[in-house]
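One-letter residues, chain by chain:
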Amino acid sequence: MLGKRSSAKAATPEVQAGIIGPQHVAIIMDGNGRWAQKKGKIRTFGHKAGVESVRAVVRFARRTGIKSLTLFAFSSENWKRPEEEVSVLMELFNLVLNSEAKRLHKNGVRLKVIGDVDAFDGKLVEKIRKAEAMTESNDDLVLNIAANYGGRWDIVNAAKCVAQAVSNGELQREDITEDVFNSYTSTASLPELDLLIRTGGEHRISNFLLWQCAYAELYFTDVLWPDFSEEVFQQAVDDYNVRQRRFGLTGEQITTVQS
Ligand code: IPE
Ligand code: IPE
Ligand code: MG
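S.K.: I'm lost on the site of ligand 1 in this one. Help?
M.R.: Around ligand 1, the structure places Met-29, Asp-30, Gly-31, Asn-32, Gly-33, Arg-34, Arg-43, His-47, Ala-73, Asn-78, Arg-81 and Leu-89. One nitrogen or oxygen atom from the main chain of Gly-33 is found 3.0 Å from an oxygen atom belonging to ligand 1. The side chain of Arg-81 places a nitrogen or oxygen atom 2.7 Å from an oxygen atom of ligand 1. Protein chains bury 88% of the 380 Å² of accessible surface belonging to ligand 1 in isolation.

S.K.: Any chance you could explain unusual backbone geometry here in plain terms?
M.R.: Note on backbone geometry: most residues besides glycine have negative phi, and most peptide bonds are trans. Non-glycine residue Asn-207 carries a positive phi angle of around 60°. Relative to the helices and strands, Asn-207 is located in the loop between strand E5 (195–198) and strand E6 (217–220). On the basis of relative accessible area, Asn-207 is assigned to the buried category, the value being 17%.

S.K.: Explain the side chain of Gln-212 here, please?
M.R.: Relative to the helices and strands, Gln-212 resides in the loop between E5 and E6. A distance of 2.8 Å separates the side chain of Gln-212 from the side chain of Thr-187, its partner in a polar contact. Among all residues touching Gln-212, those that are not within four sequence positions of it are Tyr-149, Asp-154, Thr-185, Thr-187 and Leu-193.

S.K.: Help me out: how do you make sense of the layout of surface pockets in this one?
M.R.: It is a probe the size of a water molecule, rolled over the atoms, that shows where empty space is left. Its boundaries defined by the atoms lining it, the largest pocket holds a volume of some 1100 Å³. The set of elements that each furnish at least two residues to the lining of the largest pocket consists of helix H2 (32–38), helix H3 (43–64), strand E2 (68–75), helix H4 (83–106), strand E3 (109–114) and strand E4 (141–149). Here the lining of the largest pocket gets 10 residues from one element, more than from any other, and that element is H4. Partitioned by chemical class, the residues of the lining of the largest pocket number 25 nonpolar, 9 polar and 12 charged.

S.K.: For this particular structure, what's the right way to read the packing of H3 against helix H8 (residues 230–241)?
M.R.: For the pair H3 and H8, the least separation of the axes is 9 Å and the interaxial angle reads 50°. Comparing their axes, H8 and H3 come out oblique. When the axes of H3 and H8 are compared, the crossing they make is right-handed. Contacts between H3 and H8 involve Ala-56, Val-57, Arg-59, Phe-60, Arg-63 and Thr-64 on the former and, on the latter, Glu-230, Phe-233, Gln-234 and Val-237. When grouped by side-chain class, the residues that make up the contact of H3 with H8 number 5 nonpolar, 2 polar and 3 charged.

Criteria and thresholds
- Residues numbered from 1 in each chain as written.
- Chains lettered and ligands numbered in written order.
- Predicted model: local features only at pLDDT ≥ 70, side-chain atom pairs only at ≥ 80, totals over all residues.
- Heavy atoms only, no water.
- Near = heavy atom within 4 Å.
- Polar contact = N/O pair within 3.5 Å; in protein donor to acceptor, adjacent residues only side chain to side chain.
- Areas by Shrake-Rupley, 256 points an atom, 1.4 Å probe, with all protein chains shown as cover.
- Helix = DSSP H or I, 4+ residues; strand = E, 2+ residues; numbered from the N terminus.
- Buried < 20%, exposed > 50% of the residue type's maximum accessible area, 1.4 Å probe, protein only.
- Contact = heavy atoms within 4.5 Å.
- 1 Å grid on protein atoms, 1.4 Å probe; cavity = no way out; pocket = protein on both sides within 12 Å on 5 of 7 lines; lining within 4 Å.
- Points joined across faces, edges and corners; volume = space filled by probe spheres on them.
- Nonpolar A, V, L, I, M, F, W, Y, C, P; charged D, E, K, R; others polar.
- Axes fitted to C-alpha atoms, helices over the stretch in contact; angles between N-to-C directions.
- Parallel < 35°, antiparallel > 145°, perpendicular 65-115°, else oblique.
- Left-handed = near helix turned anticlockwise from the far one by under 90°.

The following block contains the structure:
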């Protein structure tokens, strides 16, 4: 099953030809600070440079028919960084929303922000909600920005919603299945996560999509985020496309189903 998902919707000639790549890709955009420091600059210089890589991955996703791209922009733990760095990151988020929201809309991209955004400044939250509403009916690509996001937060939040639904009588305890639980997570409306990429050389998940990673393929690269490009993204997808996803079955079972 070379990275194929039978439920994938045809989008590009490659998809129509049956060469279906990952439909949902997530990226841990790591290495901005080290990239800047290597150049003798302050860490925030790297965050600013990283915006260009975000544009590149959105371009790549649109061009290749990826339906859903989830980017880790700010973790629930990143608040612990120096105040100055956190405030530059918030400012950057604001600026990027101002400069990119209309362009994303024009290009058929639906923007969603996942995470505990209510912790942000009220004006920023308003801007996020406005951009989400403007792009709501676009369906070429869903761009999910994970901001003040934590995988454990996502699971606890879903558990709270499930508990609420049970206490309201909308849901019976015995009807709680994995699919039902999933429908309360922040990625409920998205396809299963196929591929998780982490740049910057670390081999860890850092509290990203814990629930969603269950059967995702993992790809780690030493490339620092500001150096990430469409070419490196292509290498990750090529690597994914030759893997055999077995989901617990044997390799023989998979090849029998395919033939
Ligand atoms: C990732 O780059 C961006 C954020 C976490 C916001 P880092 O800032 O973590 O860069 P390194 O890992 O310190 O190089
Ligand atoms: C993960 O990177 C968070 C983002 C990329 C937004 P970190 O740099 O925060 O992760 P750790 O601290 O190295 O695990
Ligand atoms: Mg880092």
